[in-house]
Amino acid sequence: MDAFKKETVPSCLSVKEMEKAELEIIMFCQRKQFPEELSRLQKGKTQTAELISVKGRTNVTENQVEALKRDREVKQVAFSASLLASGAGTVGPFNTHTPLVFRYVMTNIGNAYNPNTGFFIAPVRGAYNFEFYIGAYGSASHPTGAVLVKNRQHIFVAWEHQPSHYGSSANGATLLLEVGDVVFLRLWVNTRIYDNQNHHSTFSGHLLFTM
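Residues numbered from 1 in each chain as written. Predicted model: local features only at pLDDT ≥ 70, side-chain atom pairs only at ≥ 80, totals over all residues. Heavy atoms only, no water.

S.K.: Where do I start with empty space enclosed by the protein in this structure?
M.R.: Rolled over the atoms, a probe sized like a water molecule indicates the empty space that remains. Evaluated as defined, the whole model comprises one cavity of 30 Å³ or more. By volume, the largest cavity amounts to about 50 Å³. Lining the largest cavity, in full, are Ala136, Tyr137, Gly138, Ser139, His142, Pro143, Thr144, Glu160, His161, Gln162, Gly167 and Arg192. The class makeup of the residues in the lining of the largest cavity is three nonpolar, seven polar and two charged. (1 Å grid on protein atoms, 1.4 Å probe; cavity = no way out; pocket = protein on both sides within 12 Å on 5 of 7 lines; lining within 4 Å. Points joined across faces, edges and corners; volume = space filled by probe spheres on them. Nonpolar A, V, L, I, M, F, W, Y, C, P; charged D, E, K, R; others polar.)

Put into structure tokens, the structure is as follows:
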């Protein structure tokens, strides 16, 4: 009988002990679940950060595209114009060098050439190429001549002198220009220049590349 009593199961737990055990089980389960919840929360934060990062990169990309578009527009610079807006006639001679205004605009991409002043104003720093063609009917006393001017500096001259018939000349140059530099043509002192609807006398230029 004594041996049997030693092997019997202990008496049942009290209510308080059962409540305590239940609480421990609940807390244990919560501890097991918490890392999973934390992991899900961390994943959510990571996804949010990734979305913010993607949105930021998208904004940067959009800004870069807009900048490239603007840059491309600036790099598209070219013009070509002839002397007279209409009709036929001779300009000059004058007793001083006189700026020429080429009023018939064939092309003016970028609007860097002003047909009211005859000035080309560089919109970007870069290498530009300019060409000009001039002509006039022959005269014993008045040749035809023009000079390409950068700001106030004479660059290249075109010149032709013959006593009769039509004579013409041409020249050109590639110039490194800073933003705001001005390029134009001056009629040489005591010379003449002729133009008509066939556009004999012209001034052209374009941007080769930026620097």
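So much for the structure itself; the text now carries on.
S.K.: Could you clarify how one ought to interpret the sheet that holds strand 4 (residues 104-109) in this entry?
M.R.: Two strands in a sheet stick together by hydrogen bonds in their backbones, pointing the same way (parallel) or opposite ways (antiparallel). Strand order in this open sheet of five strands is 4-1-13-7-10, and the pairing throughout is antiparallel. Two strands close off the open sheet at either side, each with one partner strand: strand 4 and strand 10 (166-177). Within the sheet, the average angular offset between the axes of one strand and its neighbour, ignoring direction, is 10 degrees. Relative to strand 13 (residues 202-210), strand 7 (residues 126-137) is paired through eight bridges, and the arrangement is antiparallel. Along strand 13, the bridge assignment pairs tyrosine 128 with leucine 207. (Pairing = 2+ DSSP bridges. Helix = DSSP H or I, 4+ residues; strand = E, 2+ residues; numbered from the N terminus. Axes fitted to C-alpha atoms, helices over the stretch in contact; angles between N-to-C directions.)

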